[in-house]
Amino acid sequence: MTEEMGAGIPEGRSRSASKTQKAPQAQKSRNQGPRLTGWRKELWDWAKALIIAAAIVLLLKAFVFQLSTVKKISMEPTLHEDEWLFVNKIALRLGSLDRGDVVIFKDPSVGEDPEYLVKRVIGIPGDQLEIRGGELYVNGTLKVESYTDVKIEDGDFGPTTVSPGHYFVMGDNRHQHASKDSRAFKEVPEELIQGRADMIVWPISRIKKL
């Protein structure tokens, strides 16, 4: 008899030891319960992936970005109706806005259920603004606005100084009565600004950075 056969161990004791070893394995199988197999497992994996993806998207939309659709013509020729904008919602948290930024904000002239407007930041806190002879002056200097295609047709305005924590906004469409902006509802408080529009994302032919 060779050593591989376990010489010297009684037969009865060997069987008992085998049963003892199998017992924990059986208990472990019972604790785990039934396992999903085949198409059920694949369906559950897809469901988990979709749930996680949806949760991530909701968190990003709440704190990081959103998509906004352009309505009306107040931002032509830069933006046109039905274009989709990628709106950066953490721009204000990471730093202040700059002149020339395009922002989405709640209309400050409407109390309950205000609509969202898209305009360009013309003046930041502390700036002195004046519209004279169809031209915009910022801190006494003529502002060359490459994003417009006509002089300001709504007459003179100001001078006015932008208050701390506020922004002066205007639409790029400078034709008469084409834009409802800070010339009508004054400055926009920072807390009403939802984010900075960074890109046109739809239609594909109009994709570009703002």
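Residues numbered from 1 in each chain as written. Predicted model: local features only at pLDDT ≥ 70, side-chain atom pairs only at ≥ 80, totals over all residues. Heavy atoms only, no water.

As for its position among the elements, Ile-200 is in strand β11 (residues 193-202). By relative accessible area, which is 0% here, Ile-200 ends up buried. When the C-alpha atoms of Ile-200 and Phe-86 are compared, they prove to be 6.3 Å apart, with 114 residues separating the residues in sequence. Beyond its immediate sequence surroundings of up to four residues, Ile-200 is in contact with Thr-78, Leu-79, Glu-83, Trp-84, Leu-85, Arg-206, Ile-207, Lys-208 and Leu-210. (Helix = DSSP H or I, 4+ residues; strand = E, 2+ residues; numbered from the N terminus. Buried < 20%, exposed > 50% of the residue type's maximum accessible area, 1.4 Å probe, protein only. Contact = heavy atoms within 4.5 Å.)

Before going further, it helps to examine the layout of surface pockets. Considering only enclosed or pocket space, the largest pocket measures out at about 290 Å³ in volume. As for the largest pocket, its lining consists of 15 residues, and the residues nearest its centre are Lys-71, Lys-72, Tyr-116, Leu-117 and Val-118. Those elements giving two or more residues to the lining of the largest pocket turn out to be β1 (65-69) and β4 (116-123). With four residues, the top contributor of residues to the lining of the largest pocket is β4. (1 Å grid on protein atoms, 1.4 Å probe; cavity = no way out; pocket = protein on both sides within 12 Å on 5 of 7 lines; lining within 4 Å. Points joined across faces, edges and corners; volume = space filled by probe spheres on them.)

Turning next to the environment of Pro-77. Relative to the helices and strands, Pro-77 resides in the loop between β1 and β2 (84-88). Remark: the alpha-carbon pair of Pro-77 and Arg-174, spanning 97 residues in sequence, is separated by 9.8 Å. Excluding anything up to four places from it in sequence, Pro-77 contacts Tyr-147, Thr-148, Asp-149, Asp-172 and Arg-206.

Oppositely charged side chains are able to pair whenever their charged atoms sit close together. All told, the structure shown has 11 salt bridges when counted by the stated rule. A salt bridge links Asp-82 to Lys-71; the shortest N-O distance between them is 3.9 Å. Taken together, the residues Asp-82 in the loop between β1 and β2 and Lys-71 in the loop between β1 and β2 connect sequence positions 11 residues apart. A salt bridge links Arg-120 to Asp-172, with the shortest nitrogen-to-oxygen separation between them at 2.7 Å. Of the two residues, Arg-120 sits in strand β4 while Asp-172 sits in the loop between β9 (166-170) and α4 (182-185), which places them 52 residues apart along the sequence. For the pair Arg-120 and Asp-172, a shared accessibility class is recorded, and that class is buried. Members of the salt-bridge network, linked through shared partners, are Asp-154, Asp-181 and Arg-183. (Salt bridge = Lys/Arg side-chain N within 4 Å of Asp/Glu carboxyl O.)

Turning our eyes to something else, we now look at the side chain of Asp-101. On the secondary structure map, Asp-101 appears in the loop between α3 (91-94) and β3 (102-106). Although Asp-101 is buried, it forms no salt bridge, and the closest oppositely charged side chain is Arg-196 at an N-O distance of 4.4 Å. At 2.8 Å, the side chain of Asp-101 and the backbone nitrogen of Asp-98 are in polar contact. (Lys, Arg positive; Asp, Glu negative; His and termini not counted. Polar contact = N/O pair within 3.5 Å; in protein donor to acceptor, adjacent residues only side chain to side chain.)

An order of β7-β6-β5-β8 is seen for the four strands of this open sheet, with the pairing classed as antiparallel. One side of each edge strand has no neighbouring strand; the edge strands of this open sheet are β7 (141-142) and β8 (157-161). (Pairing = 2+ DSSP bridges.)

So, about the side chain of Ser-179. When you line up the elements, Ser-179 lands in the loop between β9 and α4. Looking at Ser-179, its side chain comes within polar contact range of the side chain of Asp-181, at 2.9 Å. With sequence-adjacent residues up to four places away left out, Ser-179 is seen in contact with Ser-74, Lys-119, Met-170, Gly-171 and Asn-173.

Summed over all chains, the structure comprises three aromatic pairs. Between the aromatic rings of Phe-105 and Phe-185, the centroid separation amounts to 6.0 Å while the plane-to-plane angle is 70°, which identifies the pairing as edge-to-face. Here Phe-105 is found in strand β3, whereas its partner Phe-185 is found in helix α4, with 80 residues between them in sequence. Ring plane angle 50° and centroid distance 5.6 Å describe the contact between Phe-157 and Phe-168, whose orientation is recorded as tilted. Note that Phe-157 is positioned in strand β8 and Phe-168 in strand β9, a separation of 11 residues in sequence. (Phe/Tyr/Trp six-rings, centres within 6.5 Å; stacked < 30°, edge-to-face > 60°.)

Counting residues in hydrophobic clusters, the biggest one holds 12 residues: Ala-91, Leu-97, Val-103, Phe-105, Leu-117, Val-121, Ile-124, Tyr-167, Val-169, Phe-185, Val-188 and Ile-193. When neighbours within four sequence positions are excluded, Leu-117 is seen to be in contact with Val-103, Ile-104, Phe-105, Asp-107, Lys-180 and Phe-185. (Core = buried A, V, L, I, M, F, W, Y, C linked by side-chain atoms within 4.5 Å.)

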